[in-house]
Amino acid sequence: MAKFLVQKSEPLYGEVHVSGAKNSVLPLMAAAILPGEKCRIREVPRLLDVTVMEDILKSLGGEIDFQPDGTLDIDMSQMNTTKVEYELASKMRASFMVMGPLLAKTGHAKVYMPGGCTIGARPVDLHLKGFEALGAEVIVRENYVEAHAGPDGMIGASIYLDFPSVGATENIMMAAVLADGVTYIENAAEEPEIVDLANFLNKMGASIKGAGTDTIKIEGVKSLKGTAHTVIPDRIETGTFMLAAAITRGEMMIKNIVPDHVRAIAAKLRECGVVVELTDEGLYVNGGMNQLVATDIKTLPYPGFPTDIQSPFMAFLTTVEGASTVIETVFENRFMHVAELNRMGANIRTQGNRAMIQGGKQLEGARVLATDLRAGAAMVLAGLVATGTTEISKIYHVERGYEDFVEKFRSLGANILRIED
Ligand code: UD1
């Protein structure tokens, strides 16, 4: 099993280019099922999760061509099955994103239960309620979900989401694009990845309005055509580098960013005294200019503070003098990194969904786990400022979601190595 060895490093310094967004590209790839013609997606990051989605599409009969420059061509015109096998589906939660497009395109889908990061129960009930509202019959068995559209295909409906789930909003949007009539998704997620998906679908000929607000209107169309689209930059990768500059008190120019997408992270870092400035070149972040102070964060659906940056931000807060509180409201079990940070000498106590951090203690290198994708990044950040060596296991989580992780960090001066154990 591969590991990261991280050693205390100088403040990170230099320029870094952000890749295309993992959380955008996975639903975009699933959406390529819909037109029955070739689609092109540009700036696709090379990630394990992308490979899994490629394998899923190939298993359905798709033809995929991934060029070295990040251009991904997907041709699903010869699709010959609507079933995703357990071995593939269990590898990541986003495999469930093919359910909506399969149902819309063929009237049937059978997908084994999704795997992925173990952060909370992560049910798919909201996705399924949406499919049912659109007229599908949904059968849930212990380890798979099967759905059949009604005799006239999917039918437009009004759907209210109990929670603005990103995945459910995307899946329902894709299930509804070819439906008969109009669909409204209320209390929809407003994440930038939803807007990216709506833009891709609209280029195919769909009629989606309101993506990026809490009400999305989808007028069903008869058919869709192949198209080309460039994926948005990864706002979570951007946030990770912002935190890397902050925790090492370094100085970084982060390129290929959408400033609006990282507003909450920038605001919180500024509150701590980190300089975050938008320039013509990109986002300039400097953690070494001011004496830093503690702050509190609370994760929320977009445009609130992203849950995916909670663990990197917590790692940073352990290095800032004073007390701070982190409240996690999106996932019910996303504090597994707390034990790992405490193993490195941090002083963090948790109570339910609240973590209390007494910051300012010198972290010490230790053997720790990447308990999930973003927690793995948090452990690397902690390792950069800890004395001695930090050995991080289970790094396949990190490689699922960050492109060229080690190379990018090394180019900024980080002392990080990937070793095969
Ligand atoms: C997506 C992101 C993930 C991010 C999360 C929240 C992708 C591939 N992943 O995950 O990185 O952390 O958004 O920003 O885009 N829920 C239900 N029932 C459902 C669906 C969700 O109760 O049917 C709950 C979940 O358990 C969780 C919350 O809603 O507590 C948010 O989940 P959701 O927004 O669906 O996250 P994902 O789409 O899985």
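Higher on the page you've got the structure.
Everything in this summary refers to the structure shown in the same document. Sequence positions are assigned chain by chain, starting from 1 and proceeding in written order. This being a predicted model, a pLDDT of at least 70 is required before a residue's local features are given, and a value of 80 or more before pairs of side-chain atoms are given or counted; all residues contribute to the totals for chains, interfaces and linings. The basis for every side-chain value is the complete set of non-hydrogen atoms in the structure, without hydrogens or water.

## Quick notes on the site of the ligand
- Here a residue counts as near a molecule or strand whenever at least one of its heavy atoms sits within 4 Å of it. The ligand sits among 17 residues. The nearest are Asp125, Leu126, Ser165, Asp308 and Val330.
- One nitrogen or oxygen atom from the main chain of Leu126 is found 2.7 Å from an oxygen atom belonging to the ligand.
- Within the side chain of Ser165, an N or O atom sits 2.6 Å from an oxygen atom of the ligand.
- When contributions to the shell around the ligand are tallied by element, the ones reaching two or more residues are α5 (125-133) and α6 (166-176).
- Numbering of helices and strands runs from the N terminus, with a helix taken as a DSSP run of H or I at least four residues long and a strand as a DSSP run of E at least two residues long. If one sorts the elements of the shell around the ligand by residue count, α5 sits on top with three residues.
- Side-chain classes are defined by residue name, with Ala, Val, Leu, Ile, Met, Phe, Trp, Tyr, Cys and Pro counting as nonpolar, Asp, Glu, Lys and Arg as charged, and the others, Gly among them, as polar. Residue classes in the shell around the ligand are distributed as seven nonpolar, five polar and five charged. Within 3.5 Å is the distance limit for a polar contact, defined as a pair of N or O atoms, with the added protein rule that one can donate a hydrogen and the other accept it, and that residues adjacent in sequence qualify only through two side-chain atoms.

## Some points on the sheet that holds strand β23 (residues 389-393)
- The four strands lie next to each other as β22-β23-β1-β24, forming an open sheet whose pairing is mixed. Strands at the two margins of the open sheet, each flanked by one partner only, are β22 (367-369) and β24 (415-420). Within this sheet the neighbouring strands show an average axis-to-axis angle of 25°, counted without direction.
- The pairing of strand β1 (residues 2-7) with β23 spans four bridges and is antiparallel. Paired with Phe4 across the two strands is Ile392, which belongs to β23.
- In what follows, a contact means two residues having at least one pair of non-hydrogen atoms within 4.5 Å. Note on method: axes are straight lines fitted to C-alpha atoms, helices fitted across the in-contact stretch only, with angles between N-to-C directions ranging 0 to 180 degrees. Of the strands in this sheet, β1, β22, β23 and β24 are in contact with helix α12 (residues 373-385), which crosses β1 at around 35°. Note: two strands are recorded as paired if DSSP finds a minimum of 2 bridges between them.

## So, the packing of α6 against helix α7 (residues 192-204)
- Following both chains from N to C, one finds α6 and α7 inclined at 10°, their axes separated by 10 Å at the closest point. With respect to each other, α6 and α7 are oriented roughly parallel. Along its contact with α6, which presents Val166, Thr169, Glu170, Met173 and Met174, the element α7 presents Glu193, Ile194, Leu197, Ala198 and Leu201.
- Of the residues that constitute the contact of α6 with α7, the class distribution is seven nonpolar, one polar and two charged. In this scheme, roughly parallel covers angles under 35 degrees and roughly antiparallel covers those over 145, while 65 to 115 is roughly perpendicular and the rest are oblique.

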